[in-house]
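Topology and contacts: notes
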Amino acid sequence: MRKRRVVVLGATGSIGQSAAKVARDIPDRMEIVGLSGNRNLAKLEALAAEFPNAALCTTCPKTTIPPALEPRVRHRGEQGLIDLATLPDADLVLIAIVGTGGLKPALAAIEAGKDIAVASKEILVMAGQIVMEAARRKGVHVLPVDSEHNAIFQCLEGRDPAQVRRLILTASGGPFRKLPAAELHSVTREQALRHPTWNMGEKITIDSATLFNKGLEMIEARWLFGVEMGRVDVVVHPQSIIHSMVEFVDGSILAQLSHSDMCFPIQYAVTWPQRVPNSLRPLDFAQLSRLDFEAPRRQDFPALDLAREAGERGGTFPAVLNAANEVAVAAFLDSRIPFPRIWETVAQVIHSHPAVAEPSLDDILEADREARAAAEGCLSHT
């Protein structure tokens, strides 16, 4: 297997940092040829020094680029991301940009014949049908990097979706798994950011606390693996050791297990369809002792049902769900609204959205804009 030349969009975030670790761990199989960052230019500068041959892009025009970095930055803004995603010497683009900013670069990479590794779930939530159809047309692969979807990808190993009874996504349950519903209104930003098992960025950590993260993953799984929403399920697994499971029509279940470290799914996306040794910590079942499971509290955390509704209605509804959630999460992080107002806002926006059944990319982007404005309108009346 030859070395894969990888562009990392969102290199300064937690996924990007894990990708750099993988590149250090398996240098004979992975070479980073492109890096993008937003506001954290100190991290981008450090990565640029470590990977001196990588092309660089920054998407934060208001930030003064450090003098040592300036000569290396040849790509800027959204067009810079597209240019980086279509570098002639790249063969895999890892998209780890939070939010919707990775959608156009992902489509550009596909059109340029690049495989994409998707860590930004918004890409498939907003435009799953468009992305997967483009990948099929161009004959490229969409490789999942979310630990849950990567686990399902490993369990399926190319099997026919008709053999699948259920895809079972596991959820840690977040920091409020046992908190009484009556106390959710008073939880603080700091409490919501204390994830019990994963170290992630602020937005995805809040999504894990509301369970919107798992709801978005349900929609993403529907497109990645070609199944209906009715065959995507969620179970709470506090230890976060089983990353997801596949139940087949004969009743057999396959699961993928590992420690909670994003280096595992990133490496598999890079080396697929092969596996290679690494320095990551293996599981010790004697130390684990137990693996627990429980049903999610759907009534107290309505995000899962809202996501299922959006996924089943299809069209522009998933994009609206995602956009409204992003606005509400930002408001909670700014201490403008209480915690339950996140899902209340999303529900208001979804239930007032006029359906577009077969949307174009422009329709999706317009629905995204309208949903953000509608969410801000809801919040202004809070």
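Residues numbered from 1 in each chain as written. Predicted model: local features only at pLDDT ≥ 70, side-chain atom pairs only at ≥ 80, totals over all residues. Heavy atoms only, no water.

Turning next to the sheet that holds strand β10 (residues 242–248). Strand order across the open sheet formed by four strands is β9-β8-β10-β11, with mixed pairing between neighbours. Each end of this open sheet is capped by a strand with a single partner; those strands are β9 (232–236) and β11 (253–257). If you compare each strand with its neighbour and ignore which way they point, the axes differ by 20° on average. Inspection of the sheet shows β10 paired to β11 by five bridges, in the antiparallel sense. Of the residues in β11, the one forming a bridge with Met-245 is Ala-255. (Pairing = 2+ DSSP bridges. Helix = DSSP H or I, 4+ residues; strand = E, 2+ residues; numbered from the N terminus. Axes fitted to C-alpha atoms, helices over the stretch in contact; angles between N-to-C directions.)

Checked against the element boundaries, Ser-240 lands in the loop between β9 and β10. Looking at Ser-240, the relative accessible area reads 7%, which means it is buried. Each C-alpha atom of the pair Ser-240 and Gly-13 lies 21 Å from the other, and the pair is 227 residues apart in sequence. (Buried < 20%, exposed > 50% of the residue type's maximum accessible area, 1.4 Å probe, protein only.)

Once that is clear, we can look at the pattern of salt bridges. By the definition in use, this model includes 29 salt bridges. Asp-91 serves as the salt-bridge partner of Arg-2, at 2.6 Å between the closest nitrogen and oxygen. One end of the pair, Arg-2, is in the segment before β1 (4–9); the other, Asp-91, is in the loop between α3 (77–85) and β5 (92–95), and 89 residues separate them in sequence. With a relative accessible area of 53%, Arg-2 lands in the exposed category. Taking the relative accessible area as the measure of exposure, Asp-91 reaches 11% and is therefore buried. Across the pair Asp-305 and Arg-298 runs a salt bridge, and its minimum N-O distance is 3.2 Å. Take Arg-298: its relative accessible area is 23%, and that puts it in the partly exposed class. Connected through salt bridges with shared partners, the residues Arg-165, Arg-166, Asp-233, Glu-247, Arg-298 and Asp-305 form a single ionic network. (Salt bridge = Lys/Arg side-chain N within 4 Å of Asp/Glu carboxyl O.)

Attention now moves to the pairing of strand β2 (residues 30–37). Of all the eight residues making up β2, seven are buried; the element is thus mostly covered by neighbouring parts of the structure. Note on the crossover from β1 through helix α1 (residues 14–25) to β2: the handedness is right-handed. Here four bridges tie β2 to strand β3 (residues 55–58), and the two strands are oriented parallel to one another. Bridge pairing links Leu-35 to Leu-56 in β3. Following the backbone out of β2, through helix α2 (residues 41–50) and into the adjacent parallel β3, one traces a crossover that is right-handed. (Right-handed = clockwise from strand over helix to strand, strands pointing away.)

One pass over the full model with this rule turns up six aromatic pairs. One aromatic cluster is present, formed by Phe-176, Phe-301, Phe-332, Phe-339 and Trp-343 through successive ring pairs. The positively charged end of Arg-222 is found above the aromatic ring belonging to Trp-223, 3.9 Å away from the centroid. (Phe/Tyr/Trp six-rings, centres within 6.5 Å; stacked < 30°, edge-to-face > 60°. Lys NZ or Arg CZ within 6 Å of the ring centre and 35° of its normal.)

What follows concerns the packing of helix α9 (residues 212–225) against helix α12 (residues 303–313). Packing of α9 against α12 brings their axes to within 8 Å, and their N-to-C directions diverge by 25°. The angle between α9 and α12 falls in the class roughly parallel. As for how α9 packs across α12, the hand of that crossing is right-handed. Mapping the contact onto sequence places Phe-212, Lys-214, Gly-215, Leu-216, Met-218 and Ile-219 in α9 and Ala-303, Leu-304, Leu-306, Ala-307, Arg-308 and Gly-311 in α12. Broken down by class, the residue content of the contact of α9 with α12 amounts to eight nonpolar, two polar and two charged. (Parallel < 35°, antiparallel > 145°, perpendicular 65-115°, else oblique. Left-handed = near helix turned anticlockwise from the far one by under 90°. Contact = heavy atoms within 4.5 Å. Nonpolar A, V, L, I, M, F, W, Y, C, P; charged D, E, K, R; others polar.)

All quantities given are derived from atomic positions and should not be read as evidence of function.
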